[in-house]
Amino acid sequence: MTMRHGPRFLALAAMLLALLVAGAAQAGGHAGEQPDMVKVTPSPHSFPATLAAFEREVDAEGWSILNRNNMAGTLSERGFTIDPVVILDVCSGRYSAQILEEDAYRPVSAFMPCRVSIYQDSQGEVFISRMNVPGFLPMMPDGVAEVMENSSEEIEAIIERTIAD
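Residues numbered from 1 in each chain as written. Predicted model: local features only at pLDDT ≥ 70, side-chain atom pairs only at ≥ 80, totals over all residues. Heavy atoms only, no water.

How should I be thinking about the pattern of salt bridges in this particular structure?
A side chain of one charge can pair with a side chain of the opposite charge if their charged atoms are brought near each other. Under the defined criterion, the tally for this structure stands at eight salt bridges. The partner of Arg68 in a salt bridge is Glu55, with the nearest N and O atoms 2.7 Å apart. With a gap of 13 residues between them, Arg68 in strand 2 (residues 64-70) and Glu55 in helix 2 (residues 47-60) connect regions that are remote in the sequence. Among the ionic pairs, Arg161 bridges to Glu57, the shortest N-O distance being 2.8 Å. Residue Arg161 is located in helix 6 (residues 142-163), and its partner Glu57 is located in helix 2; the two are separated by 104 residues in the primary sequence. Through salt bridges with shared partners, a single network forms among Lys39, Arg130 and Glu156. (Salt bridge = Lys/Arg side-chain N within 4 Å of Asp/Glu carboxyl O. Helix = DSSP H or I, 4+ residues; strand = E, 2+ residues; numbered from the N terminus.)

Would you mind going over the side chain of Thr162 with me for this structure?
With respect to the helices, strands and loops of the structure, Thr162 is situated in helix 6. Those residues in contact with Thr162 that lie beyond four places of it in its chain are His45, Thr50, Ala53, Phe54, Glu57 and Ile128. (Contact = heavy atoms within 4.5 Å.)

What's the story with the sheet that holds strand 5 (residues 126-131) in this structure? I'm lost.
As a general point, the strands of a sheet are linked pairwise by backbone hydrogen bonds and lie either parallel or antiparallel. One open sheet accounts for five strands, arranged 1-5-4-3-2; its pairing is antiparallel. Strand pairing shows two members of the sheet lacking a second neighbour, strand 1 (38-43) and strand 2, which therefore form its edges. Taking each pair of neighbouring strands and ignoring which way they run, the sheet shows an average axis angle of 20°. The sheet strands contacting helix 2 are strand 1, strand 2, strand 3 (85-91), strand 4 (114-120) and strand 5, and the helix crosses strand 3 at an angle near 5°. (Pairing = 2+ DSSP bridges. Axes fitted to C-alpha atoms, helices over the stretch in contact; angles between N-to-C directions.)

Where do I start with the nonpolar core in this structure?
Burial of nonpolar side chains together is a common tendency in soluble globular proteins. Counting 38 residues, the largest nonpolar core has Phe54, Leu88, Val90, Ile118 and Met148 as the members making the most contacts within it. When residues of this core are traced back to their parent elements, those giving at least two are strand 1, helix 2, strand 3, helix 4 (93-100), strand 4, strand 5, helix 5 (133-136) and helix 6. Of all the elements, helix 6 adds the most residues to this core, at eight residues. If we ignore the near neighbours within four places in the chain, the residues touching Met148 are Ile99, Val108, Met131, Val133, Leu137 and Met140. (Core = buried A, V, L, I, M, F, W, Y, C linked by side-chain atoms within 4.5 Å. Buried < 20%, exposed > 50% of the residue type's maximum accessible area, 1.4 Å probe, protein only.)

Whenever I open this one, the side chain of Ser151 confuses me. Can you help?
Counting through the fold element by element, Ser151 comes out in helix 6. Discounting chain neighbours no more than four positions away, the residues touching Ser151 are Trp63 and Tyr95.

So what exactly am I meant to see when it comes to the packing of helix 4 against helix 6 here?
To describe two helices that pack against each other, one gives the angle between their axes and the distance between the axes. Here helix 4 crosses helix 6 at 165°, and the two axes come no closer than 10 Å. Overall, the two elements helix 4 and helix 6 adopt an arrangement that is roughly antiparallel. Of the two possible hands of crossing, helix 4 and helix 6 adopt the one that is left-handed. Contacts from Arg94, Tyr95, Gln98 and Ile99 of helix 4 reach helix 6 at Val144, Val147, Met148, Asn150, Ser151 and Glu154. (Parallel < 35°, antiparallel > 145°, perpendicular 65-115°, else oblique. Left-handed = near helix turned anticlockwise from the far one by under 90°.)

Which parts of the structure should I look at to understand the pairing of strand 4?
A regular strand carries its side chains on alternate faces of the sheet. Judged from the six bridges that link them, strand 3 and strand 4 form a sheet pairing that is antiparallel. Residue pairing in the sheet places Ile87 in a bridge with Ser117 of strand 4. Direction of pairing for strand 4 relative to strand 5: antiparallel, over a ladder of five bridges. For Tyr119, the partnering residue across the bridge sits in strand 5 and is Phe127. Taking the residues between adjacent antiparallel strands as the criterion, strand 4 and strand 5 are bridged by five residues, where Gly124 takes a positive phi near 90°.

Encoded structure:
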């Protein structure tokens, strides 16, 4: 694929953005049914233990945590009180480089790095949420879809090890 931000790719990017917004609106439930755009996994561990385990597993897999966004802390500074929510930007250089080295694929950088949210709800239950990557793959150019699928499989394995007893 050699097009440079052609109409098809820009339409794809606009569609993905619209789906993400719609998915965010669906993300309210985490028991039983799961929204198509977001995957939610319950953790049997406390919030601090889940966060620490996830960070350990990310490091053990050779990924990096680029940012930690403590939403509860940030909102607390502004006078709001919410249950713990930390959003982590995780990155694997081997996958990122495969996308970013191609000019035609660079618009996908709007979805990078991988974002994982670890949060506690009002009942004290802890969850790990992230984008449902397989749901987006049919909309991606083949090269991007392959990279995203591989990176998603690694993130899923990291999450499985995080919640293991």
